[in-house]
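Here is what each chain is made of, one letter per residue.
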Amino acid sequence: MISVDFPDFKGCCTSGTDIANALYMAQDVLNLTLYDLEQDEIAPPKASNPKDIKIDGAQFTRVIAADTDIYRRVNEELKLA
C-alpha cells in the first residue's frame, strides 16, 4: 500500500495499491479537495515548493496536476449516466 499526503491541505490524503494507482488516487483527491474549496468560495493555500518538503526513507515528492473544470465535467456526466 502506498500512502499519499498533501502537506498544504489538512486532511487531504489517499492511498493506492502501487505507485501508479496511488498517483491516480492522488490526482482524484486533489481535484475533489480543490473543487470543494471552489464550491465554498475559499482560496486554496499557496503550493509549497517540493524542495522544501522534508522527506525520509522511501518517501518522495511528486507534483500532481489538477484541473477542476475537467473534474467537474466528468463527475457531472457520471451523475447523468
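Residues numbered from 1 in each chain as written. Predicted model: local features only at pLDDT ≥ 70, side-chain atom pairs only at ≥ 80, totals over all residues. Heavy atoms only, no water.

A. Here's a closer look at the overall build of the protein. Across its full length, the protein carries two helices and two strands. Listing the helices and strands of the protein from first to last along the sequence gives β-β-α-α. In terms of overall dimensions, the protein has C-alpha extents of about 45 × 30 × 20 Å along its principal axes. Relative to its full complement of 81 residues, the protein shows a buried share of 22%. Taking the contacts inside the protein whose residues are at least 6 apart along the sequence as the reference set, 46% of them involve residues at least 24 apart. Accessible area of the protein: about 6,400 Å², with a carbon and sulfur share of 54%. Of the charged side chains in the protein, 8 are positive and 14 negative; the average position of the first set lies 6 Å away from that of the second. (Helix = DSSP H or I, 4+ residues; strand = E, 2+ residues; numbered from the N terminus. Buried < 20%, exposed > 50% of the residue type's maximum accessible area, 1.4 Å probe, protein only. Contact = heavy atoms within 4.5 Å. Areas by Shrake-Rupley, 256 points an atom, 1.4 Å probe, with all protein chains shown as cover. Lys, Arg positive; Asp, Glu negative; His and termini not counted. Charge placed at Lys NZ, Arg CZ, Asp CG, Glu CD.)

B. Focus on helix α1 (residues 19–39). Taking 1.5 Å of rise per residue, the 21 residues of α1 would be expected to cover 30 Å, and the 30 Å separating its terminal C-alpha atoms lies within 8% of that figure. Restricting attention to buried positions, one finds in α1 the residues A22, A26, V29, L30, N31, T33, L34, Y35 and L37. Buried residues belonging to α1 abut β1 (2–5), β2 (13–16) and α2 (68–80). For α1, the N-terminal capping position is held by D18, with its side-chain oxygen 3.3 Å away from the main-chain nitrogen of A20. Of the residues trailing α1, E41 is marked for its positive phi of about 55°. (Expected span 1.5 Å × (residues − 1). Polar contact = N/O pair within 3.5 Å; in protein donor to acceptor, adjacent residues only side chain to side chain.)

C. Examining the packing of α1 against α2 more closely. Where α1 meets α2, the closest approach of the two axes is 9 Å, and the angle between their N-to-C directions is 95°. One element, α1, and the other, α2, form an angle in the roughly perpendicular class. From α1, D28, N31, L32, L34, Y35, E38 and Q39 reach across to α2, where they touch T68, Y71 and R72. (Axes fitted to C-alpha atoms, helices over the stretch in contact; angles between N-to-C directions. Parallel < 35°, antiparallel > 145°, perpendicular 65-115°, else oblique.)

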